[in-house]
Amino acid sequence: MVMEPVPSYEDLIWLFEEEPVHRYAADERAAGYESDWRELWPYTAVTFRTTRAGYDIEMYIEPGYDIVRLRLRTVSDGAELFSLDLRGVRGVGVDRIHGRELLRLDFPDDSPASALWLRMKPDVALHWSYDPAS
């Protein structure tokens, strides 16, 4: 099942301030073939990376399979602060609220997980609530 709505790759590029890396780009170049991952969106896998406020932030996304992986590491020593492997993600979006830039992950209404917010500017913070009783 494809995420609904399909995440806007333009918004994600704006948020991460860099083009993503296509999962098979190196293999395709070695084979003499280079595709544009946008042609395959949302049925492709890409990784977005950025550095903000002393943290390396990485998001791997496969919108066609409802998969998102988030990783946060410190720049100074590479210590991993969190690594989330999320499946069943209904949607991914970018919100700009009161000078803040946020990555938002939405989950189905019947899921015990509610929206996950990763604030990326002006500082980095994660907010996620989970209710196993739901």
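See above for the structure.
Procedures and definitions
Residues numbered from 1 in each chain as written. Predicted model: local features only at pLDDT ≥ 70, side-chain atom pairs only at ≥ 80, totals over all residues. Heavy atoms only, no water. Core = buried A, V, L, I, M, F, W, Y, C linked by side-chain atoms within 4.5 Å. Buried < 20%, exposed > 50% of the residue type's maximum accessible area, 1.4 Å probe, protein only. Helix = DSSP H or I, 4+ residues; strand = E, 2+ residues; numbered from the N terminus. Contact = heavy atoms within 4.5 Å. Salt bridge = Lys/Arg side-chain N within 4 Å of Asp/Glu carboxyl O.

A word on the nonpolar core. Counting 30 residues, the largest nonpolar core has Met59, Ile61, Val68, Leu70, Val92, Leu103 and Leu105 as its most contacted members. Counting only elements with at least two residues in this core, the list comes to helix 1 (9–16), strand 2 (46–52), strand 3 (55–62), strand 4 (67–74), strand 5 (80–87), strand 6 (91–97), strand 7 (100–106) and strand 8 (113–121). The element that contributes the greatest number of residues to this core is helix 1, accounting for five residues. Aside from chain neighbours lying at most four places away, what touches Val92 is Met3, Pro7, Leu12, Met59, Ile61, Val68, Leu103, Arg104 and Leu105.

One pass over the structure, following the stated rule, counts twelve salt bridges. With a closest N to O distance of 3.0 Å, Glu58 and Arg49 form a salt bridge. Using a relative accessible area of 18% as the deciding quantity, one classes Glu58 as buried. Since its relative accessible area comes to 40%, Arg49 is described here as partly exposed. Note that Asp95 and Arg104 form a salt bridge whose closest N and O atoms lie 2.7 Å from each other. Each member of the salt-bridge network shares a partner with another, and the members are Glu17, Arg52, Glu101 and Lys121.

Any functional reading would require information that these geometric values do not contain.
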